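Here is how the chains run, residue by residue.
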Amino acid sequence: MSFFTSPQVQVSSKAIELLNGVLGKENISTAESVRDHHSRDESSLQAFLPDCVVFPKDTLQVSECMKICYAHSLPVIPFGTGTGLEGGITAVKGGVCMDLSHMKQILSVNQEDFDCTVQPGVTRMMLNSDLRATGLWFPVDPGADASLCGMAATSASGTNAVRYGTMRENVMNLEVVLSNGDVLHSAGGGRRTRKTAAGYNMTNLFVGSEGTLGVITQATLRLYGIPEATLSAVCQFQSVQSAVDATVATLQAGIPIARIEFLDDVQMKACINYSNLEGLQELSTLFLEFHGTDDSVKAQADVVGEIVQLNEGSDFMYATEAEDRNKLWTARHSAFYAASSLRPGSRILTTDVCVPISELPEIITQTKNDISKSSLLGPIVGHVGDGNFHTLLLIDPEDESERKIAKDLANRMAQRALAVGGTCTGEHGIGIGKRHLLAEELGQVGIQTMRSIKEALDPKGIMNPGKVFL
Ligand SMILES: Cc1cc2c(cc1C)N(C[C@H](O)[C@H](O)[C@H](O)COP(=O)(O)OP(=O)(O)OC[C@H]1O[C@@H](n3cnc4c(N)ncnc43)[C@H](O)[C@@H]1O)c1[nH]c(=O)[nH]c(=O)c1N2
Ligand SMILES: CCCCC(=O)C(=O)O
Ligand SMILES: [Mn+2]
């Protein structure tokens, strides 16, 4: 992978001096290693170095920094934990990377109202371990231990979304520092209601905005009761089609399934070896989870078991003990790293389409055929309960021809999704790699409307430039 220094904007020594004045010298770095760490996320996309990295400690400091950057027209790139997969944090125009990890307070937990408010350095695992004693949890789970505000910024979801929704459904209010330093509360200061009909939905404007509209400095989130009983299970199928047909039938039966994850034979090969999964074969597989009471999880599992049988799937292998469930879900969450171990030295070009559920069996089958015809390995995993799936295309990062083959495959996959009413990204966002697809997905009026919003909120174009828009 190649690295670039900032191609356009230089942060002047005057601006650095002013930022020093706000933050103190120890909270701003121009060291090569720090800039390098902040230049790339977990994707295999090109990495560009920011000119400096700042570490504000509160909203006031974020606001003061933004005022300086606004006055000097400096790009600002908000940085959560850098687990993104679409190059969202890379500094394509140089500028100031704003690392929010020093703001790590859980500001409030309202047990009776099932909500909490967190700062941008709080990750989902930090929150859930803090919540454990309360009997509550925050279910949105992208696998990676991402910051909750970064998850809001990318509209993340993951394995529990089929039952609990994505970040879009679970963020109630956001505090956002705008490009000129103003501090906005998207639903009004201190508001934390389940419903509102008060004007435009500004909260969801910032969910999925990928740092291009402002810096999220607080998120108020919905919480849920930890289920009384949890039952996980695995079953295997002879074909992709039958595994996905069983998923669609489960959803159509109205089972309130908590997780239903598809892994194809290639991904299973990777996971069996990487996570030492015993008793499973290299076949199309579903990992499932049921939440409820002891009786209700058994009843749900019985119905889904029958659906699986009707689709010629295997009997369930159950994981009832917490240790076995953890092993199963850790294996699922490690799918990305397991995949790359299939080809040592490779990097992953990720894909992330989402389609209406009924279109899923055909598009996954078509995608798998397309990958088989190419020279690349591309395991498939999917949050199939949401119609969302990924192929993880394994490429030699130094081989441009392989990157091209992978990009073409990813493009064809996105085109197929768009053609059946789907989206080019269910959860990873647009970043730098999918800007052309966003334009196609929204159409001219759609993209122009988005641009108008961007220009209204960020007239100087300093918020994470080069992302989302072509
Ligand atoms: C192994 C693995 C597995 C997965 C995933 C990653 C990895 C490495 N992801 C992707 C990733 O975890 C997800 O996109 C997170 O929401 C990114 O959160 P970070 O805090 O790391 O944001 P990161 O720092 O990477 O930033 C991502 C984007 O958000 C912006 N941003 C971050 N914090 C901000 C803030 N406070 N204010 C404004 N903008 C901000 C950044 O500018 C950038 O554009 C994922 N995702 C998913 O949805 N489902 C999944 O299944 C997975 N699975
Ligand atoms: C390409 C997909 C890897 C990360 C991810 O989103 C997942 O494991 O679900
Ligand atoms: Mn995913």
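Remember, it's a predicted structure, so these values are computed and weren't measured experimentally.

(A) A look at the sheet that holds strand β12 (residues 215-222). A sheet is described by the order of its strands in space; here five strands give the open sequence β7-β8-β12-β10-β11, paired in antiparallel fashion. Each end of this open sheet is capped by a strand with a single partner; those strands are β7 (106-110) and β11 (183-185). Between one strand axis and the next, the sheet turns by 10° as a mean value, whatever way the strands run. Taken together, the six bridges between strand β10 (residues 171-177) and β12 define a ladder with antiparallel strand orientation. Pairing of Glu175 across the sheet is with Gln218, part of β12. Lying over the sheet, helix α3 (residues 59-71) contacts β10, β11 and β12, oriented at roughly 50° with respect to β10. The sheet strands contacting helix α4 (residues 124-131) are β7, β8 (115-118) and β12, and the helix crosses β7 at an angle near 45°.

(B) Examining the domain arrangement of the chain more closely. Parsing the chain into structural domains produces domain 1 (3-99), domain 2 (106-225), domain 3 (229-336) and domain 4 (338-436). Taking only C-alpha atoms, the centre of domain 1 and the centre of domain 3 are 42 Å apart.

(C) Highlighting the confidence of the model for the chain. Model confidence for the chain is summarised by a mean pLDDT of 96, while 98% of its residues fall at 70 or above. With pLDDT under 50 throughout, residues 1-6 is counted as low confidence; its partners more than four residues away or in other chains account for 21 contacts.

(D) A look at the site of ligand 2. Around ligand 2, a shell composed of Leu85, Arg332, Phe336, Thr350, His383, His390, Leu392, Glu427 and His428 is seen. In this structure, Glu427 approaches ligand 2 through a side-chain N or O atom, which is 3.3 Å from an oxygen atom. His428 has a polar side-chain atom sitting 2.7 Å from an oxygen atom of ligand 2. Relative to its free-state accessible area of 290 Å², ligand 2 is covered by the protein chains to the extent of 91%. Classifying every residue of the shell around ligand 2 by side-chain character gives three nonpolar, four polar and two charged.

(E) Main features of the site of ligand 1. Neighbouring ligand 1 are 36 residues; Pro78, Thr81, Thr83, Pro142 and Ser147 lie closest to it. Separating an oxygen atom of ligand 1 from a backbone N or O atom of Pro78 is a distance of 2.6 Å. In this structure, an oxygen atom belonging to ligand 1 sits 2.9 Å away from a main-chain N or O atom of Ser157. Relative to its unbound accessible area of 960 Å², ligand 1 is 96% covered by the protein chains. For the shell around ligand 1, the element with the most residues is helix α5 (residues 148-154), which contributes five residues. By residue class, the composition of the shell around ligand 1 is 17 nonpolar, 16 polar and three charged.

(F) Representation of the environment of Thr83. By secondary structure assignment, the location of Thr83 is in the loop between β5 (76-79) and β6 (96-99). Its relative accessible area of 26% is what places Thr83 among the partly exposed residues. Spatially, the C-alpha atom of Thr83 lies 5.4 Å from that of Asp41, the residues being 42 residues apart in sequence. The contacts of Thr83, once residues within four sequence positions are left out, are Glu42, Ala144 and Ala146.

(G) Structural detail: the layout of surface pockets. The calculated volume of the second largest pocket comes to roughly 820 Å³. Asn128, Arg132, Trp137, Arg259 and Asn326 are, among the 23 residues lining the second largest pocket, the residues nearest its centre. Contributions of two or more residues to the lining of the second largest pocket are made by α4, β9 (136-137), β16 (284-292) and α12 (322-333). Considering every element that reaches the lining of the second largest pocket, the biggest residue donor is α12, with six residues. When grouped by side-chain class, the residues that make up the lining of the second largest pocket number nine nonpolar, eight polar and six charged. Two domains share the lining of the second largest pocket, each providing at least three of its residues, namely domain 2 (106-225) and domain 3 (229-336).

(H) Representation of the coordination of the manganese ion (ligand 3) in the model. Here the manganese ion (ligand 3) is held by His383 (NE2), His390 (NE2) and Glu427 (OE), and the distances to it run 1.9 to 2.2 Å. Viewed at the metal, the six donor atoms of the manganese ion (ligand 3) are separated by angles of 75 to 176°, and the geometry they form is octahedral. Sequence spacing of the donors to the manganese ion (ligand 3): H-x6-H-x36-E. In this pair, His390 is assigned in strand β21 (residues 388-395) and Glu427 in the loop between α15 (400-419) and α16 (435-457), connecting sequence segments 37 residues apart. For His390, a relative accessible area of 7% corresponds to the buried category.

(I) Representation of the sheet that holds strand β2 (residues 28-29) in the model. The mixed open sheet is built from four strands, whose spatial order is β2-β4-β6-β5. If you trace the sheet from one side to the other, it starts and ends with β2 and β5, each paired once. Where strand β4 (residues 52-54) meets β6, three bridges bridge the pair, whose relative direction is parallel. Bridge pairing links Val53 to Cys97 in β6. Across the sheet, α3 is in contact with β5 and β6; its angle to β6 comes to roughly 170°.

(J) The pattern of salt bridges, seen in detail. Scanning the model with the defined rule gives 19 salt bridges in all. A salt bridge links Lys67 to Glu64; the nearest nitrogen and oxygen atoms lie 3.5 Å apart. Of this pair, Lys67 and Glu64 both sit in helix α3, three residues apart, which is roughly one turn of the helix. With a shortest N-O distance of 3.4 Å, Arg416 and Asp370 are connected by a salt bridge. Taken together, the residues span a long stretch of sequence, with Arg416 in helix α15 and Asp370 in helix α14 (residues 360-373) at a distance of 46 residues. Residue class for Asp370 comes out buried when judged on its relative accessible area of 10%. Connected through salt bridges with shared partners, the residues Arg124, Asp141, Arg259 and Glu289 form a single ionic network.

Reading the values: the criteria
- Residues numbered from 1 in each chain as written.
- Chains lettered and ligands numbered in written order.
- Predicted model: local features only at pLDDT ≥ 70, side-chain atom pairs only at ≥ 80, totals over all residues.
- Heavy atoms only, no water.
- Pairing = 2+ DSSP bridges.
- Helix = DSSP H or I, 4+ residues; strand = E, 2+ residues; numbered from the N terminus.
- Axes fitted to C-alpha atoms, helices over the stretch in contact; angles between N-to-C directions.
- Contact = heavy atoms within 4.5 Å.
- Domains from an automatic or database assignment.
- pLDDT = per-residue confidence, 0-100.
- Near = heavy atom within 4 Å.
- Polar contact = N/O pair within 3.5 Å; in protein donor to acceptor, adjacent residues only side chain to side chain.
- Areas by Shrake-Rupley, 256 points an atom, 1.4 Å probe, with all protein chains shown as cover.
- Nonpolar A, V, L, I, M, F, W, Y, C, P; charged D, E, K, R; others polar.
- Buried < 20%, exposed > 50% of the residue type's maximum accessible area, 1.4 Å probe, protein only.
- 1 Å grid on protein atoms, 1.4 Å probe; cavity = no way out; pocket = protein on both sides within 12 Å on 5 of 7 lines; lining within 4 Å.
- Points joined across faces, edges and corners; volume = space filled by probe spheres on them.
- Donors = N, O, S within 2.8 Å, 3.2 Å for Na, K, Ca; no water.
- Tetrahedral: all angles 85-135°; square planar, octahedral: opposite > 155°, others 65-115°.
- Salt bridge = Lys/Arg side-chain N within 4 Å of Asp/Glu carboxyl O.

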